[in-house]
Amino acid sequence: MVTLNHFDLPQALEDKGGWKNEQIVDIFDEYAKFCFQTFGDRVKLWLTLNEPHVSANLGYEEGIFPPGLKEPGMSVYQVGHNMIKSHAKAWHSYNTIFRQEQKGLVSLALNSDWAEPFDPSSQDDIDATDRYMAFMLGWFANPIFVDGDYPAIMKSQIKARSEKQGFVSSRLPEFTKEEQNMIKGSADFFALNYYTSRKVKYSKSPLEMQSFKTDKEAEGIIDPSWPVPGVAWLAVVPWGLRKLLEYIKKTCNDPEIYITENGFSLMGPASLEDNQRCQFYRETLQEILIAIHQDGVDVRGYFAWSLLDNFEWACGYSVRFGLFQVDFENPEFPRTMYKSGKEYATIISCNGFINKKAT
C-alpha cells in the first residue's frame, strides 16, 4: 500500500499557495498519474492522501504541521475542499486509464476518534458529539462515501456562524453538482487511521471567535479512567475502534475497511519489555475480531503504526510508536525488536492468536 501525499508538499507548490490554490487539483492529478504509470504494475493498493483532516487543521489552521500557517476559520475549509477534489480527480484518472490493466484499488486515509457524549442525558452533549464526528470524519467521508457533499450539520453550523459574523456566504465552500457527482463514490475501500477516543461536551463559542474549533462548538475530553502512557493526546481506548468501525459500516454504506494506522506511544527511551504495548495490540486485535464476527464489519486488513521508532512530526523523536526500537543517539541508528514486535510477528505468522494452553 503506497501513499502519494503524507502532510507536506514540495516548497515550489507551497510558494504558489499549496493546498489553498485550486490549481493543486490538476497538479496533483498529473503527479498521481505519473505514479500510477510508473509503479502501478507492482502497487495494487493506493492512498492518495494521508489524514487530510490533520493536514488542513494542523497545517493551515493551527500552524503546527507543514506549512505552519495560522489562518483560523478560513484556509482550513478551502484546503479540505481542494484535497477532496484532488483525491477524486486522481481516483477517476486511475479508474479510466489504469484500472483495467493494473487491477488496483485507490482510496485515501481518514483519521478519526471515536466520540461519545460526556453526559448521555444531555441533548446539548449529544448534538455536540454529532458535530464532533461530522467535523472530524464526516468532513471527508460524507462527500466520498455517501452523497458527494459535506455533512448537513457541518454545512448548517458553519453557514449560520458565518452569516452572524457578517460574511455574505458560508466560509465552507460549496461543491457544484458536477463536482458532487465526481466526488461521490471515488474510493474503492475505506482506509481508517484510529488512535484514541473522546467524551464530548457542548462548548458555546462567542461569535467574535472565528476558527475551526469554535465552529464545531464541541469539546473533546479524555476520560480520566483511560490510560495515557505516552504522548498527551493519545488515551488508549481499544474498544473505541470497534465502535468506530461499526459507525463507519452504518454511515458510509458498509465499505471494505483497511485499518491503515493504529498504534501505542511511549515517551523517551523505552524499555524493550514494552508490556503495555503488547497488551494494547492484543486488546485492539480482539476488538477488531468482535467487530468482524459480531458486528459484521468488513475489515480487510490492519497496519500497525509503526514498524520503527521514527520522526513524529512536531514531536520529533521524543515519541516512540515502533515495533522496533531505534537508538537515535548512535550514528548507526541500530534497531532492536521490542517485545511487542515479537508478539506481533507471532500473530502475523500464525494468522491469529496462539492458544497457549493447547500448546
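Everything here concerns the structure above.
Quick caveat: nothing in here was measured; it's all calculated off a predicted structure.

What counts, and where the lines are drawn
- Residues numbered from 1 in each chain as written.
- Predicted model: local features only at pLDDT ≥ 70, side-chain atom pairs only at ≥ 80, totals over all residues.
- Heavy atoms only, no water.
- Helix = DSSP H or I, 4+ residues; strand = E, 2+ residues; numbered from the N terminus.
- Buried < 20%, exposed > 50% of the residue type's maximum accessible area, 1.4 Å probe, protein only.
- Contact = heavy atoms within 4.5 Å.
- Areas by Shrake-Rupley, 256 points an atom, 1.4 Å probe, with all protein chains shown as cover.
- Lys, Arg positive; Asp, Glu negative; His and termini not counted.
- Charge placed at Lys NZ, Arg CZ, Asp CG, Glu CD.
- Salt bridge = Lys/Arg side-chain N within 4 Å of Asp/Glu carboxyl O.
- Pairing = 2+ DSSP bridges.
- Axes fitted to C-alpha atoms, helices over the stretch in contact; angles between N-to-C directions.
- 1 Å grid on protein atoms, 1.4 Å probe; cavity = no way out; pocket = protein on both sides within 12 Å on 5 of 7 lines; lining within 4 Å.
- Points joined across faces, edges and corners; volume = space filled by probe spheres on them.
- Nonpolar A, V, L, I, M, F, W, Y, C, P; charged D, E, K, R; others polar.

## Quick word on the overall build of the protein chain
- Scanning the protein chain for helices and strands turns up eleven helices and 13 strands.
- Each principal axis of the C-alpha atoms in the protein chain carries an extent, and together these give about 70 × 55 × 45 Å.
- Across the 359 residues that make up the protein chain, the buried fraction comes to 51%.
- Taking the intrachain contacts of the protein chain between residues at least 6 apart in sequence as the baseline, contacts between residues at least 24 apart amount to 69%.
- In the structure as shown, the protein chain presents an accessible area of about 16900 Å², 53% of it carried by carbon and sulfur atoms.
- Distance between charge centres in the protein chain, computed from 37 positive and 48 negative side chains, equals 3 Å.

## A short note on the pattern of salt bridges
- Scanning all chains against the criterion turns up 22 salt bridges.
- D295 serves as the salt-bridge partner of R242, at 2.7 Å between the closest nitrogen and oxygen. Here D295 lies in the loop between α10 (275-293) and β10 (299-302) and R242 lies in helix α9 (residues 238-251), a separation of 53 residues in the sequence.
- Looking at D295, the relative accessible area reads 15%, which means it is buried.
- Among the charged side chains, a network of salt bridges with common partners joins R161, R171, D215 and E217.

## Description of the sheet that holds strand β6 (residues 197-202)
- Read from one edge to the other, the open sheet built from three strands follows the order β4-β6-β7, with strand pairing classed as mixed. Pairing within the sheet leaves two strands with one partner each, and these edge strands are β4 (114-117) and β7 (218-221). Direction aside, the axes of adjacent strands within the sheet are offset by 40° on average.
- Examined bridge by bridge, β6 and β7 share four bridges and lie antiparallel to one another. Paired with V200 across the two strands is G220, which belongs to β7.
- In the packing of helix α5 (residues 123-147) onto the sheet, the strands contacted are β4, β6 and β7, and the crossing angle to β6 comes to about 125°.
- Here α9 sits on the sheet and contacts β4 and β6; the angle it forms with β4, its principal contact strand, is near 95°.

## Quick notes on the layout of surface pockets
- Estimated volume of the largest pocket: approximately 1100 Å³.
- Sorting the residues of the lining of the largest pocket by element identifies α3 (52-60), α5, α8 (212-216) and β7 as the ones contributing at least two each.
- Here the lining of the largest pocket is built from residues that sort into 20 nonpolar, nine polar and nine charged.
- In this structure, the second largest pocket occupies an estimated 420 Å³ of space.
- If you go around the second largest pocket, you meet 14 residues; those closest to its centre are L285, L289, Y302, I347 and N351.
- Mapped by element, the contributors of at least two residues to the lining of the second largest pocket are α10, β10 and α11 (339-350).
- Considering only residue class, the lining of the second largest pocket consists of ten nonpolar, three polar and one charged.

## Concerning the sheet that holds strand β1 (residues 2-5)
- With parallel pairing, six strands are arranged side by side in an open sheet as β1-β2-β3-β5-β8-β10. The open sheet has two free edges, formed respectively by β1 and β10, since each of these has just one partner strand. Adjacent strand axes in the sheet meet at a mean angle of 30° when their direction is disregarded.

Read these as geometric descriptors, not functional statements.
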